[in-house]
Amino acid sequence: MSSELLQQIREGGRVPGHVAVIMDGNGRWAKGRGLPRYRGHAAGMDSVREVIEGAIEAGVRVLTLFAFSQENWNRPEREVNALMKLLQLYVTRERNELVRQGVEVHVHGDTDRLAAGPRRAIEAIQAATVGGQVLHLNLMISYGGRAELVRAARRLAERVRAGELDPGDIDETALADELYTAGLPDPDLLIRTSGEQRVSNFMLWQVAYTELYITPLLWPEFRREHLFEAICDYQGRERRFGRVTAV
Ligand code: FPP
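The following paragraphs examine the structure supplied in this document. (Residues numbered from 1 in each chain as written. Predicted model: local features only at pLDDT ≥ 70, side-chain atom pairs only at ≥ 80, totals over all residues. Heavy atoms only, no water.)

1. Section: the side chain of T215
Structurally, T215 can be placed in the loop between β6 (211-214) and α9 (224-235). According to the relative accessible area criterion, T215 is buried, its value standing at 7%. Here L217 takes part through its backbone nitrogen, which lies 3.1 Å from a polar atom of the side chain of T215. If we skip the residues at most four places from it in the chain, T215 touches I191, R192, T193, S194, G195 and F222. (Helix = DSSP H or I, 4+ residues; strand = E, 2+ residues; numbered from the N terminus. Buried < 20%, exposed > 50% of the residue type's maximum accessible area, 1.4 Å probe, protein only. Polar contact = N/O pair within 3.5 Å; in protein donor to acceptor, adjacent residues only side chain to side chain. Contact = heavy atoms within 4.5 Å.)

Rendered as C-alpha cells:
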C-alpha cells in the first residue's frame, strides 16, 4: 500500500519541501489500552522513526517535529521525567542510524531547562549528524511559538542597541532571520494527529500560509503510509498565498 502511495506522490509532482508535525495522542493511545501514559510516548518513538524514513522516501527535505512544548513542563513530574528519559534514549539509540541515513539533526527550544543527561545527548547527536545532506530534522524541545517570537524580538533589539541595525530596517525577513528556522523554508504542510483542531503555540510565524492536515489517528498509530496519504492530500490542494486563482 505504501509503495502505491509513493508512486502516486511521484506522479503528483509537487512534494512539500518542509513538513511539520504536532505529534498528539500518546496519552489517549496508552489509556485506551489500560497502560500508563509513558507507554504511549514510548510507542510514539516508533512513529518518529517511521515518519523520518517516510519523509526520506518521499523526498521531503525538512521535517520538524514538536517533541516537547514549554507547557509540557507543567505535566506531573513523573511524566516529564519519563519523556526526558525517552528523548535521551531516542537521540542516543538512533544517532548512528540517522548519520547513516544522511539526516542532520537540529534541536530548538529552551534547552537550558533540560537536565544534563538529555542536554549532552542532544549536543552529541547534533555534532554527530552535521553535514547530513538528505534530510534536515528539527526536533522542537521545550519549545513555544510565542517564546520563539519574544526571543527574536530581543535579538533584534540587541542588534539595534549595538548599532548594527536601524529600527526602520526591521522587516519580515529580518525577523524571520532571528527565528530558530532561519534560512529554512516555511512548512508547506502541518500534520496534527489525534483530531485536535489547534495550532497549540507551534511555529506561529512560520505556519502563516501552511496547509493543515488533521488526522484522527493517535500518534503511536501513525505510520509512513499515513504521511504519504497526507502528502497526496496536499498535492491535491491549490495554494494561493492570499492571491486569487490563476485563470
Ligand atoms: C503528545 O501526546 C505528545 C507529546 C507530549 C510528546 C511527543 C513525544 C514523543 C512522540 C516521544 C519521543 C519523541 C522524539 C522526538 C524522540 P499527549 O501526551 O499530549 O497525548 P494526549 O493528548 O492523548 O494526552
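2. Digging into the sheet that holds strand β2 (residues 62-69)
Spatial ordering of the open sheet is given by β3-β4-β2-β1-β5-β6, a layout of six strands whose pairing is parallel. The sheet is open, and its two edges are formed by β3 (103-108) and β6, each paired on a single side. For this sheet, the mean inter-axis angle between neighbouring strands, taken without regard to orientation, is 20 degrees. When strand β1 (residues 18-22) meets β2, the two strands line up parallel, connected through five bridges. Its bridge partner being in β2, H18 is matched across the sheet by V62. This element, helix α4 (residues 77-93), spans β2 and β4 (135-143) of the sheet and lies at about 150 degrees to β2. (Pairing = 2+ DSSP bridges. Axes fitted to C-alpha atoms, helices over the stretch in contact; angles between N-to-C directions.)

3. Details of the packing of aromatic side chains
Considering all chains together, one arrives at seven aromatic pairs under this definition. Residues F66 and F202 carry aromatic rings whose centres are separated by 4.4 Å and whose planes lie at 10 degrees to one another, so their mutual orientation is stacked. Here F66, found in strand β2, pairs with F202, found in the loop between β5 (189-192) and β6; they are 136 residues apart in sequence, far enough to count as distant. For F66, a relative accessible area of 9% puts it in the buried group. F202 sits in the buried class, given a relative accessible area of 0%. Seen in terms of ring centroids, Y209 and F241 are 5.7 Å apart; in terms of plane orientation they differ by 55 degrees. Their pairing is tilted. With a gap of 32 residues between them, Y209 in the loop between β5 and β6 and F241 in the segment after α9 connect regions that are remote in the sequence. For Y209, a relative accessible area of 49% translates into the label partly exposed. (Phe/Tyr/Trp six-rings, centres within 6.5 Å; stacked < 30°, edge-to-face > 60°.)

4. Points about the site of the ligand
Near the ligand there are 18 residues, and of these M23, G27, R28, R37 and R75 occur at the shortest range. In this structure, G27 approaches the ligand through a main-chain N or O atom, which is 3.0 Å from an oxygen atom. The protein chains hide 93% of the 620 Å² of surface that the ligand would expose on its own. More than half of the atoms of the ligand fall within 2 Å of the grid points belonging to the largest pocket. Sorting the residues of the shell around the ligand by element identifies α2 (26-32), α3 (37-58) and α4 as the ones contributing at least two each. At four residues, α3 tops the list of elements feeding residues into the shell around the ligand. In terms of residue class, the shell around the ligand is built from nine nonpolar, five polar and four charged. (Near = heavy atom within 4 Å. Areas by Shrake-Rupley, 256 points an atom, 1.4 Å probe, with all protein chains shown as cover. 1 Å grid on protein atoms, 1.4 Å probe; cavity = no way out; pocket = protein on both sides within 12 Å on 5 of 7 lines; lining within 4 Å. Sits in = over half its atoms within 2 Å of the grid points. Nonpolar A, V, L, I, M, F, W, Y, C, P; charged D, E, K, R; others polar.)

5. Digging into a negative patch on the surface
A grouping of D166, D169, D171, E172 and D177 is seen on the molecular surface, where their side chains present a negatively charged patch. Secondary-structure assignment places D177 in the loop between α8 (172-176) and β5. For D177, a relative accessible area of 45% corresponds to the partly exposed category. (Patch = residues over 30% accessible without salt bridge, like charges linked within 9 Å, V, L, I, M, F, W, Y side chains within 5 Å. Salt bridge = Lys/Arg side-chain N within 4 Å of Asp/Glu carboxyl O. Lys, Arg positive; Asp, Glu negative; His and termini not counted. Charge placed at Lys NZ, Arg CZ, Asp CG, Glu CD.)

6. Quick notes on the nonpolar core
Ranked by size, the top nonpolar core spans 48 residues in total, and within it I52, L63, L65, I141 and I191 carry the most contacts. In terms of residue count, α4 provides more of this core than any other element does, seven residues in total. Not counting the four nearest positions on each side in its chain, I52 is found in contact with L63, Y90, L98, Q101, V103, L135 and L137. The next biggest cluster of nonpolar side chains, apart from the first, holds ten residues, and it includes A20, I22, F66 and Y180. (Core = buried A, V, L, I, M, F, W, Y, C linked by side-chain atoms within 4.5 Å.)

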